[in-house]
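Commentary on secondary and tertiary structure
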Amino acid sequence: MGALVKNDITLPASNRIKNPISPDEKLAVTLRYLATGESFRSLSFAFRISHSYIGIIVKDTLSTLKKHLMPIFLPDLSTIDLNKKASEFWTKWNFPNCVQAIDGKHVRIRCPEKTGSLFFNYKDYFSIVMLAMVDANYKFIAIDVGSFGREGDSGIFLKSTMGQQILDGSFGFPEKKQLPGSDKVLPHVIVGDEAFRLHPNIMKPYTRQSARHDKSKAVFNYRLSRARRVTENAFGLLSQVFRVFYQPINNDPVTCDDLIVVACCLHNLLQDSYLEENGQAFFDERDSSTTLQTNNLIPITRGGGFTNAEGFLVRDSFKDFFCNEGSVSWQEDK
């Protein structure tokens, strides 16, 4: 009676595992960590699991969640209907032929061992860079995670899969389309800030100095900013729901990468649920001044490197459209 025989080794009854940790408990621990950002020692008191083993649970659970959630909530771009995304941007944000908005953020982390200054960024802390494309409903459509904090913005975009696809023409943009109520036929574009290079398929604002002396350029910058702020709202929502982003993430770089990917997948799941229930995006008309902020998601550095001559022509055509047939009543007040 009081012993267990396994592999010819007799174990005392006191060493048996009476209540092994179930998959449900492991998932609960991981979601609690994502939602609160509590330390493993704090979680150990709540779940009665040693803090060292909680670290193992979180690492393994995040890896498993990433494997199963990514194909569902971050599918391959070739499966996305970009024409539908462009229609949503025009309907919700008054920017035609726009399929995505792009932005990058530094996610604060604890300095990994034996990495020197690889993760040390221009803001004087350690970080991993997250590059993301967001649709008109604040959903992450494509993300690139894992670049070192010390890397420049242009280099991060160029080495990312999405950046290479855009620049070599394999991204899969829809055919050029006539702008609403206009005879202008322009390519579909992605909108970003000053950190990205100007390209026929990537629109960035005019410089502040040139916009200060040209009202039409200022109007274009406003309209582009209005469409691009979906990225800021998406990052704000992400950090509000998953408070782990409110302090430096104390995990190894691989686990940090998995954490960011899983958080984006769960964010998309919540957005899908909200849209199904309400039929519209949360924060449908949020003012820029009230955009959710967090001190641990910092923009990548400004300055987009080389530009493309055709990109200037496409941007000027959008500018003329916004100041004529595509104008809206409130843009002159901004």
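Scroll up to find the structure this text is about.
Below you will find a few notes about this structure. (Residues numbered from 1 in each chain as written. Predicted model: local features only at pLDDT ≥ 70, side-chain atom pairs only at ≥ 80, totals over all residues. Heavy atoms only, no water.)

**Concerning the overall build of the protein chain**
Within the protein chain one finds ten helices and ten strands. The proportion of buried residues among the 334 residues of the protein chain is 49%. Relative to all contacts within the protein chain whose residues are 6 or more apart in sequence, the contacts with residues 24 or more apart total 69%. With an accessible surface of roughly 16600 Å², the protein chain has 51% of that area assigned to carbon and sulfur atoms. (Helix = DSSP H or I, 4+ residues; strand = E, 2+ residues; numbered from the N terminus. Buried < 20%, exposed > 50% of the residue type's maximum accessible area, 1.4 Å probe, protein only. Contact = heavy atoms within 4.5 Å. Areas by Shrake-Rupley, 256 points an atom, 1.4 Å probe, with all protein chains shown as cover.)

**Regarding the side chain of serine 147**
Considering the arrangement of structural elements, one finds serine 147 in strand β5 (residues 140–148). Once residues lying within four places of it in the same chain are set aside, the contact partners of serine 147 are Ser127, Ile128, Val129, Ile156 and Lys159.

**Re the layout of surface pockets**
Its boundaries defined by the atoms lining it, the largest pocket holds a volume of some 440 Å³. Considering the residues around the largest pocket, the lining is formed by 20 residues, among which Leu77, Ala142, Ile143, Thr161 and Met162 are closest to the centre. Among the secondary structure elements, those contributing two or more residues to the lining of the largest pocket are α3 (51–73), β5, α6 (161–168) and α9 (253–278). Residues of the lining of the largest pocket, tallied by class, amount to eleven nonpolar, five polar and four charged. (1 Å grid on protein atoms, 1.4 Å probe; cavity = no way out; pocket = protein on both sides within 12 Å on 5 of 7 lines; lining within 4 Å. Points joined across faces, edges and corners; volume = space filled by probe spheres on them. Nonpolar A, V, L, I, M, F, W, Y, C, P; charged D, E, K, R; others polar.)

**Things to note about unusual backbone geometry**
Not every positive phi belongs to a glycine, and arginine 48 is a case in point at roughly 55 degrees. Among the secondary structure elements, arginine 48 is positioned in the loop between α2 (40–47) and α3. A positive phi angle is found at asparagine 94, which is not glycine, with a value near 60 degrees. Along the polypeptide, asparagine 94 turns up in the loop between α4 (82–93) and β3 (98–108).

**Some words on the nonpolar core**
Considering soluble globular proteins, one finds that nonpolar side chains tend to be buried as a cluster. Residues Phe95, Met130, Phe140, Phe245, Ile249 and Phe318 are the most contacted members of the largest nonpolar core, which totals 63 residues. Excluding residues within four positions of it along the chain, phenylalanine 95 makes contact with Phe89, Trp90, Val189, Val191, Arg223, Leu224, Ala227, Phe318 and Phe322. With 19 residues, the next largest nonpolar core counts Leu77, Val99, Met162 and Phe196 among its residues. (Core = buried A, V, L, I, M, F, W, Y, C linked by side-chain atoms within 4.5 Å.)

**Topic: the packing of aromatic side chains**
Ring pairs (aromatic) are described by centroid distance and by the angle formed between their planes. Enumeration over the complete set of coordinates arrives at 14 aromatic pairs. Between the aromatic rings of phenylalanine 220 and phenylalanine 322, the centroid separation amounts to 6.1 Å while the plane-to-plane angle is 35 degrees, which identifies the pairing as tilted. Pair noted here: phenylalanine 220 is in helix α8 (residues 215–241) and phenylalanine 322 is in helix α10 (residues 309–323), with a separation of 102 residues, a long-range link. Counting every residue linked through ring pairs, the aromatic cluster contains Trp90, Phe95, Tyr206, Phe220, Phe318, Phe321 and Phe322. The ring of tyrosine 206 has arginine 315 lying over it, and the distance from NZ or CZ to the ring centre is 4.0 Å. (Phe/Tyr/Trp six-rings, centres within 6.5 Å; stacked < 30°, edge-to-face > 60°. Lys NZ or Arg CZ within 6 Å of the ring centre and 35° of its normal.)

**As for the environment of glycine 172**
If you trace the backbone, glycine 172 turns up in the loop between α6 and β6 (177–178). Residue glycine 172 is classed as partly exposed on the basis of its relative accessible area, which comes to 47%. Along the chain, glycine 172 and serine 78 lie 94 residues apart, while their C-alpha atoms are 7.1 Å from each other.

**Regarding the pattern of salt bridges**
Counted under the stated rule, the structure contains nine salt bridges. The partner of lysine 66 in a salt bridge is aspartate 258, with the nearest N and O atoms 3.3 Å apart. Placement of lysine 66 in helix α3 and of aspartate 258 in helix α9 is noted, with a sequence separation of 192 residues between them. A relative accessible area of 10% places aspartate 258 in the buried class. Note that glutamate 232 is salt-bridged to arginine 228, the shortest N-O span being 3.6 Å. In this pair, glutamate 232 and arginine 228 both sit in helix α8, four residues apart, roughly one turn of the helix. Here glutamate 232 matches arginine 228 in class, with each residue buried. Here the residues in one salt-bridge network are Asp103, Lys105, Asp193, Arg228 and Glu232, joined through shared partners. (Salt bridge = Lys/Arg side-chain N within 4 Å of Asp/Glu carboxyl O.)

The values reported here are purely geometric and, on their own, carry no functional implication.
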